[in-house]
Amino acid sequence: YDAGNINRLELATVQVSAQEAKLEMSRTEAQAGIDREKLNRLLGLSGSQTNWTLAAELPELPEHEMDFSQLEEAALDQRLDLAAAKAQVALAERALALKRNTRFLPASVRVGAETEREVDGSRVTGPTLELGLPIFDQGQAELARLSAEHRRAVANYEGLANEVRSEVRELRDTLRAAHAASEFYNSTLLPQRRLLLQETLLHYNAMQKSNYELLAAKERLLVVEREAIEARRDYWIARAQLERAFGGKLPLVKTAAPAAEAAPASEQHEHNHPAK
């Protein structure tokens, strides 16, 4: 601007962009600190344990996803909460069957001994047995209560099973979408942005593009690279959530070898101005 190569509008545009970048950097650093402390609390870490570091990169995505056709049925066998609900159904069913089979047995039994005086004045001692016959009380109330408990246990199990099926289907679709999005970034958007940066650099070397246009092209590439990392992060989060809903680890299909990334355009080309 001091040399007269750009006007005030171009200068103001560059300055605003620089200040916005500083603000975004500050927000990102603050959010990173917040997320780190959240993870410390979840892991129960304190003191020197909080000095952990993360891997440089997330793992590569599987080349192909597993077969999800039997995932719902497998989840029904894997989930411990479903197993507990199923056990409650079995207990309620056995209690109900026991009551039905014993409802007409004597309600009470009492065994004892008793002495009686005969007509001739002698005494006779012997055992006694008292049986309470269920004439009026045939266990209807207890049978109704156990029937209600059994119905409640069955309804609870069926409701939980439907919830598990729905959750597995939802997270399965989320995982597929995250996998597709990450693949799209790696196969389409990132190569296109790198090509745009290379072409912008060529035009810049030919003095057909300004400094700002070259930096803007580089900035857009960095934005897409960050979005690609976030897409891969979303995939692994979705996979962890699906494993929680499934109740166990999901098998990983062979991972594709990481593609060799092209060097940034700014490193492939030298900035050569035509001689004047």
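Before any of the text, the structure's been laid out above.
The text that follows walks through the structure, step by step, so that each part is easy to find. Since this is a predicted model, take the numbers as computed values, not measurements.

**Here's the deal with the packing of aromatic side chains**
(1) Moving on: Within this structure, the stated rule accounts for one aromatic pair.
(2) Moving on: Ring plane angle 80° and centroid distance 5.1 Å describe the contact between Tyr-235 and Trp-236, whose orientation is recorded as edge-to-face.
(3) Moving on: The side chain of Arg-36 reaches across the aromatic face of Trp-52, ending 3.8 Å from its centre.

**Topic: helix H1 (residues 8-43)**
(1) Moving on: Compared with an ideal rise of 1.5 Å per residue, which puts 36 residues at 52 Å, H1 spans 52 Å between its outermost C-alpha atoms and is within 8% of the ideal.
(2) Moving on: Capping the start of H1, Asn-7 holds a side-chain oxygen 3.1 Å from the backbone nitrogen of Leu-9, two or three residues further along.

**Points about the nonpolar core**
(1) Moving on: Judged by nonpolar contacts, the single largest core of 21 residues is most densely connected at Leu-71, Val-168 and Leu-242.
(2) Moving on: The element best represented in this core is helix H4 (residues 140-205), accounting for seven residues.
(3) Moving on: Excluding its chain neighbours within four sequence positions, the residues that come into contact with Leu-71 are Met-66, Val-168, Leu-242, Phe-246 and Leu-250.
(4) Moving on: Counting eleven residues, the second largest nonpolar core, distinct from the first, contains Tyr-185, Leu-197, Leu-201 and Val-224.

**Observations regarding the pattern of salt bridges**
(1) Moving on: Counted under the stated rule, the structure contains 13 salt bridges.
(2) Moving on: In this structure, the salt-bridge partner of Asp-234 is Arg-233, at a minimum N-O distance of 3.0 Å.
(3) Moving on: Look at Arg-233 and you get partly exposed, because its relative accessible area is 39%.
(4) Moving on: In this structure, Lys-249 engages Glu-243 in a salt bridge whose closest nitrogen and oxygen atoms are separated by 3.7 Å.
(5) Moving on: Here Glu-243 falls in the buried class, since its relative accessible area comes to 15%.

**Quick notes on the environment of Ser-17**
(1) Moving on: As for its placement among the helices and strands, Ser-17 is situated in helix H1.
(2) Moving on: Remark: the alpha-carbon pair of Ser-17 and Tyr-212, spanning 195 residues in sequence, is separated by 10.0 Å.
(3) Moving on: What Ser-17 contacts, discounting residues up to four positions off in sequence, is Tyr-212 and Glu-219.

**Points about unusual backbone geometry**
(1) Moving on: Located in the positive-phi region is Met-207, a residue other than glycine, with phi close to 60°.
(2) Moving on: Tracing the sequence through the fold places Met-207 in the loop between H4 and helix H5 (211-246).

Criteria and thresholds
- For every chain, the first residue of the written sequence is number 1, and numbering continues from 1 along that sequence.
- With the structure being a predicted model, the display of local features is reserved for residues of pLDDT at least 70 and the display and counting of side-chain atom pairs for 80 or more, all residues being used for whole-chain, interface and lining totals.
- Side-chain metrics rest on all non-hydrogen atoms present in the structure, leaving aside hydrogens and water.
- Think of it this way: a Phe, Tyr or Trp ring, Trp meaning its six-membered ring, pairs with another when their centres are within 6.5 Å, and the plane angle makes it stacked under 30 degrees, edge-to-face over 60, tilted otherwise.
- Here, a charge over a ring means that NZ of Lys or CZ of Arg falls within 6 Å of the ring centre while also lying within 35 degrees of the ring normal.
- Each helix corresponds to a stretch of at least 4 residues labelled H or I by DSSP, and each strand to a stretch of at least 2 residues labelled E; elements are numbered beginning at the N terminus.
- Expected span of a helix: the number of residues minus one, times 1.5 Å.
- Two N or O atoms count as a polar contact when they lie within 3.5 Å, although within protein this holds only if one can serve as hydrogen donor and the other as acceptor, and sequence-adjacent residues are included solely when both atoms are side-chain atoms.
- The definition of a nonpolar core used throughout is a set of buried Ala, Val, Leu, Ile, Met, Phe, Trp, Tyr and Cys residues joined through side-chain atoms within 4.5 Å.
- Only protein chains enter the accessibility calculation, which uses a 1.4 Å probe; a residue is then buried when its area is under 20% of its type maximum, exposed when over 50%, and partly exposed in between.
- Pairs of residues are marked as contacts when any of their non-hydrogen atoms sit within 4.5 Å.
- Note on definitions: salt bridges are taken to be side-chain nitrogens of Lys or Arg within 4 Å of carboxyl oxygens of Asp or Glu.

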